[in-house]
Amino acid sequence: MVKKHVAWGRLSFVFIICAVIGTSPAHATPHQSTNYRFDESTLGAGGMDLSSSANYQASHSTGDVSVGNAASTNYQVQAGSKTTNDPTLSFSIPGGSTNLGDFTAGSATTATASFSVSNYTSYGYVVQIIGTSPSNGGYTLTPMTSTDVSIPGTVQFGINLVANTSPTSIGANPDNGDFGFGVAAANYATPNNYRYVSGETIAMAPKSSGITNYTISYLVNVAGLTPGGKYTSNQTIVVTGTY
Amino acid sequence: MQKKRGILSRSLGIALLVATILAPLFSMNNAYASQITNRSLTLQAGATDGGSKPGGVVNHLFSFTLPSGTTVGSIQFAYCTTASGTCTMPTGLVSTSATLASQSGATGFTMVNTTNGSPYITRTAAVVAGAPVAVTYQIGSITNPTTPNQTFYVRISSFATTNASGGTTDTGTVAASTASQIILSGTMPESLVFCAGATITTTAGVPDCATATSGVISFNQLFSPTDTATASSQMVASTNAGSGYAITVNGPTLTSGANTVSPMASSAVGARGVSQFGINLKLNTTTTSTVPVGLEISVPSNGTNYRAQATAGYNTVDSFKFTSGDTVADSASGGAGGSDAQILTASYIVNVPGSQPAGTYTTTLTYICTPTF
């Protein structure tokens, strides 16, 4: 009888342990108090991305033995302590005003503009360009709806996102720095070939990406009869990340 | 006593066993929101503004996948300056005019836009059945944040309730950014090439004003009541003016002191023995003169890049007219527009009666080409 009591007691203890373990799922929660909070904190060396209070915010790491990004077609690792579970996307266009100068039928006119994109914790992003071809109000330069080379004397308006040697040395390939994975879209990635279709994707990153600096090269060719006047166009760059 | 202890111990064991079995079931009721996956926000152009234009009135297209088995009565889109923590609405964002322009996947929603920065869509609560559902909701008439190149976040939350209240069912955050617009500009210089002279020829097939000869021309014969005296001059015109050009002739009729040759005020065939001074821009026949005078416009107009044409009164073979100030030609063949260089030949005729006073008759005619850009 005493043995039975002991057996029930042991069984109860096992159940208690099981119950405790079974009802404690491993949900990571931020370390926080009323006035302070640690996001993405981990045990061990370093490992904290954001710590903040109402008047203070810090981003820091210590003691990492490896930091960086390793990736293959199906695999990507971002090592180091600066990780966040929040989506991040930053986008900037310095300047914003690009003057092509005077057009002439005898030679092409070119100019560049730039923008940069970073988008972490995502499945990548796409960049679209939206806007009409330059117009003087009554006449619109013919956009290059098919990828083509520069043909002086023919009305053409096109762009690409790579380094070119024709009609002049202009543009640059996407600059990915250390952590970027941005690329020019196929239609806009052939040197010396230009194209412009409003709404098309001009660049993308197939995976989470650090900063990529893009350079847009603009090409304008006109005919002798291209109506005179100032031609303008407002181009909107739209970045869409998938999380 | 031992018996009582045994009963107590057994009861405790059974109670713990039941508690152990039931505890996980109760713990499953913890409200851990599932992650909305494959989510994105595309900033789409509005009626006039580009999708990412700061302060632009645009459309926001949300695409994401709702987990299955959850009840969805409303979905809220909270616009914030950060992805998590306290939500501060981005400066300038306006959502109180938002509309639900389109929906797919889980449908039947209508828009509630009363709270700026946190619009939600609502429907009669229903379970998302079967496999996870890919949905899209296009929110129209959202005014973007006004700060250029600003990242903003939209926290998407689904609720079982129809008014976006109570605990969230599923959540997910997307990031987007406004962007300064690229303002591209360039100038096509306005151009006009125009010249006149007795003759003008081409260089490498292109009419060349550098070849224009003196504008002093003489008629082919002395004036006579029995034959028509003729002469010609040439002009070259080219412009990139969007509305093309018009050429007028200006000046008096042929004059010798107080005597004149009557200008042909209306278009007519030349009549020998009558005082007439007229011009046209055609290749005329022997109906007009023994030796045909004039040439057609060269290069011939094609309605695209060659558009020159003689105008009414001056465009009929063997018919002539002269009124100072008249438009004798323009670049409206095939529609008014710019034109590459063409040579226009003006033919002059003089008929006189036998009583025409003797003398040397002269005039200075000025052709004016006016492009309209």
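Scroll up a little and you will see the structure.
None of the values given here were measured: they were computed from a predicted structure.

### Quick look at the overall build of chain B
Okay, so step 1: In terms of regular secondary structure, chain B is built from 1 helix and 25 strands.
Okay, so step 2: Here the C-alpha radius of gyration of chain B, 43 Å, is well above what a compact globule of 373 residues would show, namely 21 Å.
Okay, so step 3: For chain B, the C-alpha atoms occupy an extent of roughly 160 × 40 × 35 Å along the three principal directions.
Okay, so step 4: Within chain B, the proportion of its 373 residues that are buried is 43%.
Okay, so step 5: For chain B, long-range pairs separated by at least 24 residues make up 72% of all intrachain contacts whose partners lie at least 6 apart in sequence.

### Let's talk about the nonpolar core
Okay, so step 1: Ranked by size, the top nonpolar core spans 80 residues in total, and within it Val220 and Ile237 of chain A carry the most contacts.
Okay, so step 2: Ranked by residue count, the leading element in this core is strand β4 (residues 71-80) of chain B, at 6 residues.

### Focus on unusual backbone geometry
Okay, so step 1: Each neighbour pair has its own omega, and for Ser166 of chain A with Pro167 of chain A the value is 5 degrees, a cis peptide bond.
Okay, so step 2: As for its placement among the helices and strands, Pro167 of chain A is situated in the loop between β11 (156-160) and β12 (183-184).
Okay, so step 3: Unusually for a residue other than glycine, Asn149 of chain B sits at a positive phi of about 55 degrees.
Okay, so step 4: One non-glycine residue, Asp318 of chain B, lies in positive phi territory at about 70 degrees.
Okay, so step 5: Within the secondary structure, Asp318 of chain B sits in the loop between β21 (309-310) and β22 (319-320).

### Regarding the pairing of strand β10 (residues 125-130) of chain A
Residue and element names in this part refer to chain A.
Okay, so step 1: With 5 of 6 residues buried, β10 lies mostly within the body of the structure.
Okay, so step 2: Here β10 runs beside strand β13 (residues 201-205); their pairing, made up of 4 bridges, is antiparallel. Considered in β13, the bridge of Gln128 is made with Thr201.
Okay, so step 3: Across 6 bridges, the pairing between β10 and strand β15 (residues 229-241) is antiparallel. Among the inter-strand pairings, Gln128 is bridged to a residue of β15, identified as Val238.

### Observations regarding the environment of Ser331 of chain B
Residues and elements named next belong to chain B.
Okay, so step 1: As for its position among the elements, Ser331 is in the loop between β23 (327-330) and β24 (339-351).
Okay, so step 2: Sequence separation between Ser331 and Leu61 is 270 residues, and the spatial gap between their C-alpha atoms is 49 Å.
Okay, so step 3: In this view, Ser331 contacts Thr239, Gly244, Tyr245, Arg307, Ala308, Ala336, Gly337 and Ser339; residues no more than four positions away in its chain are not counted.

### Considering the environment of Pro119 of chain B
Residue and element names in this part refer to chain B.
Okay, so step 1: Along the chain, Pro119 falls in the loop between β6 (110-112) and β7 (120-127).
Okay, so step 2: Classification of Pro119 as buried rests on a count of 25 C-beta atoms within 10 Å.
Okay, so step 3: Remark: the alpha-carbon pair of Pro119 and Ser158, spanning 39 residues in sequence, is separated by 12 Å.
Okay, so step 4: Ignoring anything within four residues of it in the chain, the contact list for Pro119 reads Phe77, Ser95, Ala98, Met111, Val112, Asn113 and Ile139.

### A look at the sheet that holds β15 of chain A
Okay, so step 1: Strand order in the open sheet formed by 6 strands is β8(A)-β11(B)-β15(A)-β10(A)-β13(A)-β12(A), and the pairing between neighbours is mixed. Strands at the two margins of the open sheet, each flanked by one partner only, are β8 (97-102) and β12 of chain A.
Okay, so step 2: Summarising the sheet, β12 of chain A and β13 of chain A pair through 2 bridges and their orientation is antiparallel. Counterpart to Ala184 of chain A in the pairing with β13 of chain A is Ala203 of chain A.

Rules used throughout
Residues numbered from 1 in each chain as written. Chains lettered and ligands numbered in written order. Predicted model: local features only at pLDDT ≥ 70, side-chain atom pairs only at ≥ 80, totals over all residues. Helix = DSSP H or I, 4+ residues; strand = E, 2+ residues; numbered from the N terminus. Rg over C-alpha atoms; globule rule 2.2 N^0.38 Å. Buried ≥ 20, exposed ≤ 12 C-beta atoms within 10 Å, placed from the backbone. Contact = placed C-beta atoms within 7 Å. Core = buried A, V, L, I, M, F, W, Y, C linked by C-beta atoms within 7 Å. Pairing = 2+ DSSP bridges.

Function-wise, these values are silent; they only describe arrangement.
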